[in-house]
Amino acid sequence: MTNVATFQKLLLLLPFLFNYIHGSTIQIENNCPYTVWAAASPGGGRRLDRGQTWTLNWPSGTRPTRVWGRTNCSFNVMGRGQCQTGDCKGVLNCTGWGKPPKTLAEYAELSNMDFYDISLVDGFNIPIEFQPVTTSGGTCQAISCKGDNINSQCPAPLKVPGGCNSPCNVFKTEEYCCTRTPTCAPSNYSRFFKEKCPQAYSFPQDDAAANAACPAGTNFKVVFCPLGSSVSSLGNVHM
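Keep in mind the model is a prediction, meaning the values are calculated, not measured.

Cut-off values and rules
Residues numbered from 1 in each chain as written. Predicted model: local features only at pLDDT ≥ 70, side-chain atom pairs only at ≥ 80, totals over all residues. Heavy atoms only, no water. Helix = DSSP H or I, 4+ residues; strand = E, 2+ residues; numbered from the N terminus. pLDDT = per-residue confidence, 0-100. Contact = heavy atoms within 4.5 Å. Salt bridge = Lys/Arg side-chain N within 4 Å of Asp/Glu carboxyl O. Buried < 20%, exposed > 50% of the residue type's maximum accessible area, 1.4 Å probe, protein only. Pairing = 2+ DSSP bridges. Disulfide = S-S within 2.5 Å. 1 Å grid on protein atoms, 1.4 Å probe; cavity = no way out; pocket = protein on both sides within 12 Å on 5 of 7 lines; lining within 4 Å. Points joined across faces, edges and corners; volume = space filled by probe spheres on them. Nonpolar A, V, L, I, M, F, W, Y, C, P; charged D, E, K, R; others polar. Phe/Tyr/Trp six-rings, centres within 6.5 Å; stacked < 30°, edge-to-face > 60°. Lys NZ or Arg CZ within 6 Å of the ring centre and 35° of its normal.

Section: unusual backbone geometry
In the segment running from Ser-41 into Pro-42, the intervening peptide bond is cis, with an omega of 0°. Take Pro-42: it is sitting in the loop between β2 (36-41) and β3 (44-48). For the bond from Pro-100 to Pro-101, the omega torsion is 5°, close enough to zero to count as cis. Mapped onto the fold, Pro-101 is located in the loop between β6 (81-85) and β7 (104-110). At Lys-172, a residue that is not glycine, the phi angle is positive and equals roughly 55°.

Quick notes on the confidence of the model for the chain
On average, the chain scores 84 in pLDDT, and the residues at 70 or more come to 82%. Predicted confidence is poor over residues 1-21, with pLDDT under 50, and the contacts of this stretch with residues over four places away or in other chains come to 3 contacts. The low-confidence segment residues 232-239, where pLDDT is below 50, has 27 contacts with residues more than four positions distant or belonging to other chains.

Quick notes on the pattern of salt bridges
Tallying each qualifying case throughout the model produces 7 salt bridges. When the shortest N-O distance is used, the salt bridge between Arg-47 and Asp-49 registers 3.1 Å. Between Asp-122 and Lys-102 there is a salt bridge whose closest N-O contact spans 2.6 Å. With Asp-122 in the loop between β8 (113-119) and β9 (128-134) and Lys-102 in the loop between β6 and β7, this residue pair connects regions lying 20 residues apart in the sequence. Put simply, Arg-66, Lys-102, Glu-106 and Asp-122 are held in one network by salt bridges that share partners.

A short note on the pairing of strand β4 (residues 53-58)
The alternating pattern of β4 places Trp-54, Leu-56 and Trp-58 on a buried face, while none of Thr-53, Thr-55 and Asn-57, on the opposite face, is buried. Note: strand β1 (residues 24-30) against β4, 6 bridges, orientation antiparallel. Bridge pairing in β4 links Glu-29 to Thr-53.

Quick notes on the state of the cysteines
Cysteine pairs can be linked by a disulfide, which is a covalent bond between their two sulfur atoms. By the definition in use, this model includes 8 disulfides. The side chain of Cys-154 participates in a disulfide bridge whose partner is Cys-164; the two sulfur atoms lie 2.1 Å from each other. Disulfide Cys-154-Cys-164: torsion about the S-S bond near 75°, hence right-handed. Note that Cys-154 is positioned in the loop between α2 (150-153) and β11 (159-160) and Cys-164 in strand β12 (residues 163-164), a separation of 10 residues in sequence. Covalently, Cys-178 is tied to Cys-184 through a disulfide, its sulfur atoms 2.2 Å apart. Sign of the S-S torsion, about 110° for the bond between Cys-178 and Cys-184, identifies this disulfide as right-handed. Judged by relative accessible area, Cys-184 falls into the buried class, the value being 16%.

Remarks on the environment of Gln-82
Relative to the elements of secondary structure, Gln-82 occurs in strand β6. A C-alpha to C-alpha distance of 9.5 Å links Gln-82 and Arg-70, two positions 12 residues apart in sequence. Those residues in contact with Gln-82 that sit more than four places away from it in its chain are Asn-72, Cys-73, Ser-74, Phe-75 and Asp-87.

With respect to the pairing of β3
Residues in a regular strand project their side chains so that they alternate between the two faces of the sheet. Where β2 and β3 come together, 5 bridges link them in antiparallel fashion. In the sheet register, Val-36 faces β3, and the bridge partner there is Leu-48. Hairpin connection from β2 to β3: 2 residues lie between these consecutive antiparallel strands, with Gly-43 at a positive phi of about 145°.

Remarks on empty space enclosed by the protein
A complete count under the given rule lists 1 cavity of 30 Å³ or more for this structure. Reported here for the largest cavity is a volume of approximately 100 Å³. Elements with a contribution of two residues or more to the lining of the largest cavity: α3 (167-171) and α4 (174-177). Across the lining of the largest cavity, the residue classes break down as 8 nonpolar, 4 polar and 1 charged.

Focus on the packing of aromatic side chains
All chains considered together, the criterion is met by 8 aromatic pairs. Between the aromatic rings of Phe-171 and Tyr-176, the centroid separation amounts to 5.3 Å while the plane-to-plane angle is 35°, which identifies the pairing as tilted. We classify Phe-171 as partly exposed; its relative accessible area is 33%. Among the aromatic residues, those joined into a cluster by ring pairs are Tyr-107, Tyr-116, Phe-130 and Phe-220. When the ring centre of Trp-68 is taken as reference, the NZ or CZ atom of Lys-102 above it lies at 5.6 Å.

Below is the structure:
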(Lines give C-alpha, C1' and ligand atoms only; values in the text may rest on other atoms or scores of the structure.)
Protein backbone atom coordinates (compact mmCIF):
# COMPACT_ATOMS: atom_id res chain seq x y z
CA MET A 1 0.00 0.00 0.00
CA THR A 2 2.81 2.32 0.87
CA ASN A 3 4.53 1.57 -2.46
CA VAL A 4 1.34 2.35 -4.40
CA ALA A 5 0.92 5.65 -2.56
CA THR A 6 4.54 6.57 -3.22
CA PHE A 7 4.15 5.72 -6.92
CA GLN A 8 1.05 7.90 -7.16
CA LYS A 9 2.94 10.80 -5.61
CA LEU A 10 5.76 10.36 -8.13
CA LEU A 11 3.23 10.45 -10.98
CA LEU A 12 1.94 13.76 -9.67
CA LEU A 13 5.49 15.13 -9.56
CA LEU A 14 6.49 13.99 -13.05
CA PRO A 15 5.23 17.12 -14.87
CA PHE A 16 7.27 19.32 -12.52
CA LEU A 17 10.35 17.12 -12.86
CA PHE A 18 9.99 17.13 -16.64
CA ASN A 19 9.74 20.93 -16.71
CA TYR A 20 12.79 21.30 -14.52
CA ILE A 21 14.88 18.88 -16.58
CA HIS A 22 13.98 20.58 -19.86
CA GLY A 23 14.29 24.15 -18.58
CA SER A 24 17.25 26.45 -19.06
CA THR A 25 20.22 27.22 -16.85
CA ILE A 26 21.47 30.81 -16.98
CA GLN A 27 24.94 31.59 -15.67
CA ILE A 28 25.51 35.28 -14.94
CA GLU A 29 29.17 36.33 -14.88
CA ASN A 30 30.74 39.63 -13.91
CA ASN A 31 33.76 40.40 -16.07
CA CYS A 32 33.75 44.10 -15.15
CA PRO A 33 36.66 45.64 -13.20
CA TYR A 34 34.11 46.73 -10.59
CA THR A 35 31.34 45.17 -8.52
CA VAL A 36 28.00 44.62 -10.22
CA TRP A 37 24.84 43.80 -8.31
CA ALA A 38 23.09 41.40 -10.67
CA ALA A 39 19.30 41.36 -10.79
CA ALA A 40 16.91 38.87 -12.33
CA SER A 41 13.13 38.92 -12.47
CA PRO A 42 12.19 36.24 -11.62
CA GLY A 43 15.30 35.21 -9.71
CA GLY A 44 16.17 37.92 -7.19
CA GLY A 45 19.55 39.58 -6.87
CA ARG A 46 23.19 38.88 -6.07
CA ARG A 47 26.33 40.89 -5.51
CA LEU A 48 29.04 39.86 -7.98
CA ASP A 49 32.60 41.04 -7.56
CA ARG A 50 34.89 40.75 -10.56
CA GLY A 51 35.09 37.13 -11.78
CA GLN A 52 32.16 35.88 -9.69
CA THR A 53 29.18 34.03 -11.17
CA TRP A 54 25.56 33.37 -10.23
CA THR A 55 23.56 30.46 -11.69
CA LEU A 56 19.79 30.46 -12.14
CA ASN A 57 17.62 27.51 -13.19
CA TRP A 58 14.52 28.51 -15.12
CA PRO A 59 11.95 25.70 -15.62
CA SER A 60 10.27 25.06 -18.95
CA GLY A 61 7.48 27.53 -19.63
CA THR A 62 9.21 30.34 -17.74
CA ARG A 63 7.45 33.62 -18.37
CA PRO A 64 9.36 36.53 -19.92
CA THR A 65 12.44 37.11 -17.81
CA ARG A 66 14.91 39.96 -17.46
CA VAL A 67 18.52 40.01 -16.26
CA TRP A 68 20.49 43.22 -15.72
CA GLY A 69 23.35 44.68 -13.74
CA ARG A 70 23.05 47.37 -11.08
CA THR A 71 25.91 49.76 -10.39
CA ASN A 72 27.10 51.97 -7.54
CA CYS A 73 24.96 50.18 -4.97
CA SER A 74 25.01 50.31 -1.20
CA PHE A 75 22.98 47.84 0.88
CA ASN A 76 22.77 47.28 4.63
CA VAL A 77 22.83 43.88 6.31
CA MET A 78 19.07 43.58 5.76
CA GLY A 79 19.56 43.93 1.99
CA ARG A 80 18.07 47.40 1.81
CA GLY A 81 19.67 50.38 0.13
CA GLN A 82 19.87 51.83 -3.35
CA CYS A 83 21.74 51.72 -6.66
CA GLN A 84 22.74 54.50 -9.00
CA THR A 85 21.53 52.54 -12.05
CA GLY A 86 19.13 49.62 -12.35
CA ASP A 87 17.76 50.06 -8.82
CA CYS A 88 15.09 47.54 -7.83
CA LYS A 89 12.84 49.32 -5.32
CA GLY A 90 15.74 49.70 -2.91
CA VAL A 91 16.31 46.00 -2.21
CA LEU A 92 19.10 43.57 -3.05
CA ASN A 93 16.72 40.66 -3.71
CA CYS A 94 14.91 42.07 -6.72
CA THR A 95 11.23 41.29 -7.28
CA GLY A 96 10.37 43.93 -9.90
CA TRP A 97 11.49 45.16 -13.32
CA GLY A 98 14.12 47.64 -12.14
CA LYS A 99 14.58 51.35 -12.75
CA PRO A 100 16.15 52.75 -15.95
CA PRO A 101 18.75 53.15 -17.15
CA LYS A 102 19.79 49.52 -17.46
CA THR A 103 21.04 47.23 -20.21
CA LEU A 104 18.63 44.28 -20.36
CA ALA A 105 19.11 40.63 -21.26
CA GLU A 106 15.64 39.22 -21.94
CA TYR A 107 14.53 35.57 -22.20
CA ALA A 108 11.29 33.68 -22.77
CA GLU A 109 10.27 30.17 -23.85
CA LEU A 110 7.51 29.89 -26.44
CA SER A 111 6.42 27.02 -28.72
CA ASN A 112 9.40 24.82 -27.81
CA MET A 113 11.87 27.60 -28.54
CA ASP A 114 13.99 29.80 -26.28
CA PHE A 115 13.84 33.42 -27.44
CA TYR A 116 16.44 35.86 -26.15
CA ASP A 117 17.58 39.40 -26.84
CA ILE A 118 19.46 42.39 -25.51
CA SER A 119 17.39 45.53 -25.10
CA LEU A 120 18.28 49.21 -24.74
CA VAL A 121 14.62 50.20 -24.54
CA ASP A 122 15.29 50.99 -20.85
CA GLY A 123 18.57 52.71 -21.68
CA PHE A 124 22.15 51.55 -21.06
CA ASN A 125 24.45 51.26 -18.06
CA ILE A 126 26.98 48.46 -18.68
CA PRO A 127 28.01 46.26 -21.65
CA ILE A 128 26.38 42.81 -21.86
CA GLU A 129 26.77 39.61 -23.85
CA PHE A 130 24.05 36.92 -24.03
CA GLN A 131 25.34 33.60 -25.38
CA PRO A 132 24.02 30.04 -25.71
CA VAL A 133 26.43 27.49 -24.24
CA THR A 134 24.67 24.17 -24.97
CA THR A 135 22.44 23.90 -27.99
CA SER A 136 21.65 22.08 -31.22
CA GLY A 137 20.12 23.75 -34.25
CA GLY A 138 17.97 26.86 -34.38
CA THR A 139 19.27 30.33 -35.08
CA CYS A 140 21.46 30.20 -31.99
CA GLN A 141 24.15 32.82 -31.77
CA ALA A 142 25.91 34.95 -29.21
CA ILE A 143 24.58 38.50 -29.15
CA SER A 144 26.17 41.43 -27.41
CA CYS A 145 26.09 45.13 -26.68
CA LYS A 146 29.70 46.15 -26.15
CA GLY A 147 29.10 49.86 -26.77
CA ASP A 148 30.85 50.92 -23.58
CA ASN A 149 31.26 54.46 -24.95
CA ILE A 150 27.49 54.92 -24.88
CA ASN A 151 27.69 56.50 -21.44
CA SER A 152 30.39 58.99 -22.41
CA GLN A 153 28.74 59.90 -25.74
CA CYS A 154 25.15 59.81 -24.49
CA PRO A 155 22.95 62.65 -25.87
CA ALA A 156 22.68 65.40 -23.27
CA PRO A 157 18.91 65.01 -22.60
CA LEU A 158 19.42 61.30 -21.80
CA LYS A 159 22.64 61.53 -19.81
CA VAL A 160 22.45 60.60 -16.12
CA PRO A 161 25.12 59.61 -13.59
CA GLY A 162 26.35 56.11 -14.43
CA GLY A 163 24.23 55.57 -17.53
CA CYS A 164 22.33 56.72 -20.61
CA ASN A 165 18.58 56.91 -20.06
CA SER A 166 15.81 55.82 -22.42
CA PRO A 167 13.95 58.58 -24.28
CA CYS A 168 10.63 57.10 -23.11
CA ASN A 169 11.69 57.41 -19.48
CA VAL A 170 12.84 61.01 -20.03
CA PHE A 171 10.13 62.44 -22.30
CA LYS A 172 7.23 60.04 -21.57
CA THR A 173 5.62 60.61 -24.99
CA GLU A 174 4.05 58.16 -27.42
CA GLU A 175 6.71 58.96 -29.99
CA TYR A 176 9.30 57.21 -27.83
CA CYS A 177 7.21 54.87 -25.66
CA CYS A 178 5.09 53.24 -28.43
CA THR A 179 2.46 52.00 -25.97
CA ARG A 180 -0.64 52.71 -28.09
CA THR A 181 0.64 53.11 -31.65
CA PRO A 182 0.37 50.00 -33.90
CA THR A 183 3.64 50.91 -35.57
CA CYS A 184 6.27 53.41 -34.51
CA ALA A 185 9.44 54.53 -36.21
CA PRO A 186 13.00 54.81 -34.91
CA SER A 187 14.02 58.20 -33.54
CA ASN A 188 17.34 60.01 -33.51
CA TYR A 189 17.86 58.67 -30.00
CA SER A 190 17.15 55.05 -30.98
CA ARG A 191 19.49 55.46 -33.96
CA PHE A 192 22.23 56.48 -31.52
CA PHE A 193 21.73 53.25 -29.55
CA LYS A 194 21.48 51.14 -32.73
CA GLU A 195 24.74 52.54 -34.09
CA LYS A 196 26.53 51.57 -30.89
CA CYS A 197 24.82 48.18 -30.43
CA PRO A 198 23.34 46.91 -33.73
CA GLN A 199 22.31 43.55 -32.20
CA ALA A 200 20.17 45.12 -29.48
CA TYR A 201 16.63 46.46 -29.40
CA SER A 202 16.91 50.23 -29.83
CA PHE A 203 13.18 51.04 -29.54
CA PRO A 204 10.09 48.99 -28.58
CA GLN A 205 9.27 47.74 -32.11
CA ASP A 206 12.80 46.96 -33.25
CA ASP A 207 11.93 43.24 -33.53
CA ALA A 208 13.33 42.42 -36.96
CA ALA A 209 16.96 43.04 -36.05
CA ALA A 210 17.03 41.99 -32.42
CA ASN A 211 15.44 38.55 -31.86
CA ALA A 212 17.46 35.33 -31.56
CA ALA A 213 16.18 31.82 -30.84
CA CYS A 214 17.39 28.38 -29.78
CA PRO A 215 15.62 25.05 -29.16
CA ALA A 216 13.88 24.90 -25.78
CA GLY A 217 16.17 23.75 -23.00
CA THR A 218 19.25 25.59 -24.22
CA ASN A 219 21.57 26.82 -21.45
CA PHE A 220 22.85 30.37 -21.58
CA LYS A 221 25.46 32.70 -20.16
CA VAL A 222 25.01 36.43 -19.52
CA VAL A 223 28.31 38.28 -19.20
CA PHE A 224 28.68 41.80 -17.85
CA CYS A 225 31.58 43.63 -19.60
CA PRO A 226 32.37 40.85 -22.09
CA LEU A 227 35.74 40.62 -23.80
CA GLY A 228 36.13 43.40 -26.32
CA SER A 229 34.46 46.07 -24.22
CA SER A 230 36.88 48.50 -22.61
CA VAL A 231 35.45 49.79 -19.37
CA SER A 232 36.77 51.74 -16.44
CA SER A 233 35.93 51.59 -12.77
CA LEU A 234 32.70 53.28 -11.80
CA GLY A 235 33.84 53.78 -8.23
CA ASN A 236 31.21 51.38 -6.91
CA VAL A 237 30.26 51.61 -3.28
CA HIS A 238 30.72 48.24 -1.58
CA MET A 239 28.37 46.76 0.97
